[in-house]
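Examination of the molecular architecture
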Amino acid sequence: MKILLTGGAGYIGSHTAVELAAAGYEVVIADNFSNSSPKVLERLEMITGKRFGLYEIDVADKTALKKVFEENKIDAVIHFAGYKSVPESVKVPLSYYRNNIDTTLSLLEVMGEYGCNNIVFSSSATVYGTKAPYPYKEDMETGNCSNPYGWTKLFIERIITDYAAAKEGFSAVLLRYFNPVGAHESGLIGEDPRDIPNNLMPYISRVAVGKLPYLNVYGNDYPTKDGTGVRDYIHVTDLAKGHAAALDFAEKHSGVEIFNLGAGKGISVLEMVNAYSKACGHDIPYKIAPRRDGDLAEFYADASKANVILGWKAEHSVDDMCRDSWNWQSKNPKGYNE
Ligand code: NAD
Ligand code: UD1
């Protein structure tokens, strides 16, 4: 079976490409490298021993996208392509709405033209907004997103749901990721943010490798186990395996199904700092800073639906996440720009 990964050169897409290749799928990647490097393709080949079809295109460009479907019989699509920075989305909201929504509309229209009826979409726990009680369950109310990025995810969930209702035999799986971290165990692929990272794990990695002087811990006065923010970190390889399970499900069903992909466990900032120190063998310098605007004290997934229906659960520990993140960062201190 041939699977198209839009945004497949990115952090989660590249790890998913490895897992799909291992599961026997043929993978085609469509990416414009707006937030990734073409070098990922060489690395994927080194890990899997396989060549991946590559189209360097803007997924919103229907003419270019049609060529992909013309030249390949695509059985299903995993739609990763989109912009993902929360603070950037606040600064340039239209660019986020334009890119994230246009790519989805073009993709659905072209899939329709070529009779492709299976999609898996990269959504986010951010759709639960700022009011839902945790642990988050799939049937909880969504909305109250704190930023435009979050709204794009919720609007796209809506668009796909409406399309699935109108199109007989269409199957969509919406995956709400929690906090993906870590890297492939080979250390050949990993997260490579272009600028100073916003997210915790890539920031700690840059401090660990000496590229940044210290970590700002945003708040130590939350009502949590040690006062710092608590999140549900999930190893990117576990997340990638969740996509293989979701594809299998999508092929056998029709309609829309939503799954949380998280480990179901809350880890604090300081717990993560300590685990990372152990992995890299030295202390991670940090300073306590004020709370970051828009942050919640704590949230994590109820991931039982994915376990029961997809037969999937996260297997890796926080120590594994830190070990693999450090392995990637220390072998590639400049990311893909060696
Ligand atoms: P990423 O930025 O590493 O990957 C996204 C890929 O899409 C990049 O390779 C980028 O070049 C490509 N892309 C963007 N716009 C495109 C366009 N118009 N045409 C073609 N390619 C385009 O991000 P990621 O962390 O791998 O995330 C993948 C998906 O998962 C995104 O949709 C993101 O919003 C979602 N998600 C990510 C996280 C996370 O923490 N990483 C959490 C929840 C959801
Ligand atoms: C953020 C996004 C979310 C997105 C997710 C991707 C916001 C409000 N939410 O979630 O939409 O899906 O990233 O993984 O931005 N922290 C520090 N110092 C740092 C960075 C982070 O202390 O330099 C703390 C944060 O306060 C938080 C925790 O670490 O408690 C995790 O932060 P982060 O990795 O940015 O993820 P989220 O805020 O959960």
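For the structure, check the block above.
So, a few notes on the structure that sits alongside this text. Because the structure is predicted, anything quoted here is derived from the model rather than measured.

As a further point, take the site of ligand 1. Close to ligand 1 lie 27 residues; Ile12, Asp31, Asn35, Ser36 and Tyr149 are nearest. Contact between ligand 1 and Lys153: an oxygen atom at 2.8 Å from a side-chain N or O atom of the residue. Considered on its own, ligand 1 offers 820 Å² of accessible surface; in the complex 95% of this is hidden by protein. Within the residue set of the shell around ligand 1, elements represented by two or more residues are α1 (11-22), α5 (93-113), β5 (118-124) and α6 (148-166). Looking at which element gives the most residues to the shell around ligand 1, the answer is β5, with 3 residues. Among the residues forming the shell around ligand 1, the class breakdown is 11 nonpolar, 12 polar and 4 charged.

Here we come to the pairing of strand β3 (residues 53-56). Looking down a regular strand, the side chains alternate between one sheet face and the other. Relative to β3, strand β2 (residues 26-31) runs parallel, the two being bridged by 4 bridges. Looking at the pairing, Ala30 lines up with Tyr55 of β3. For the crossover from β2 across helix α2 (residues 39-48) to β3, the handedness is right-handed.

Here we come to the environment of Phe80. As for its position among the elements, Phe80 is in the loop between β4 (76-79) and α4 (86-91). The exposure class assigned to Phe80 is buried, which follows from its relative accessible area of 12%. As a C-alpha pair, Phe80 and Arg51 span 29 residues in sequence and 20 Å in three-dimensional space. Non-local contacts of Phe80, meaning those with residues more than four positions away in its chain, are made with Leu5, Thr6, Gly7, Ile12, Gly13, Thr16, Ser122, Tyr177 and His243.

Time to look at unusual backbone geometry. The phi torsion of most residues other than glycine is negative, and most of the peptide bonds are trans. Cis peptide bonds are those with omega within 30 degrees of zero, and the linkage from Tyr134 to Pro135 qualifies with 0°. Position of Pro135 among the secondary structure elements: in the loop between β5 and α6. Here Phe33, not a glycine, exhibits a phi torsion of approximately 55°, which is positive. Of note, Phe33 is situated in the loop between β2 and α2. On the accessibility criterion, Phe33 (10% relative accessible area) is buried. Although it is not a glycine, Asn144 adopts a positive phi angle of roughly 50°. Looking at the secondary structure, you find Asn144 in the loop between β5 and α6. With a relative accessible area of 37%, Asn144 lands in the partly exposed category.

Where α1 meets α2, the closest approach of the two axes is 10 Å, and the angle between their N-to-C directions is 30°. Viewed along their axes, α1 and α2 adopt a mutual orientation that is roughly parallel. Between α1 and α2 lies a crossing whose hand is right-handed. Residues Ser14, Ala17, Val18 and Ala21 of α1 form the contact with α2, whose own contacting residues are Val40, Leu44, Ile47 and Thr48. Across the contact of α1 with α2, the residue classes tally to 6 nonpolar, 2 polar and no charged.

Reading the values: the criteria
- Residues numbered from 1 in each chain as written.
- Chains lettered and ligands numbered in written order.
- Predicted model: local features only at pLDDT ≥ 70, side-chain atom pairs only at ≥ 80, totals over all residues.
- Heavy atoms only, no water.
- Near = heavy atom within 4 Å.
- Polar contact = N/O pair within 3.5 Å; in protein donor to acceptor, adjacent residues only side chain to side chain.
- Areas by Shrake-Rupley, 256 points an atom, 1.4 Å probe, with all protein chains shown as cover.
- Helix = DSSP H or I, 4+ residues; strand = E, 2+ residues; numbered from the N terminus.
- Nonpolar A, V, L, I, M, F, W, Y, C, P; charged D, E, K, R; others polar.
- Pairing = 2+ DSSP bridges.
- Right-handed = clockwise from strand over helix to strand, strands pointing away.
- Buried < 20%, exposed > 50% of the residue type's maximum accessible area, 1.4 Å probe, protein only.
- Contact = heavy atoms within 4.5 Å.
- Axes fitted to C-alpha atoms, helices over the stretch in contact; angles between N-to-C directions.
- Parallel < 35°, antiparallel > 145°, perpendicular 65-115°, else oblique.
- Left-handed = near helix turned anticlockwise from the far one by under 90°.

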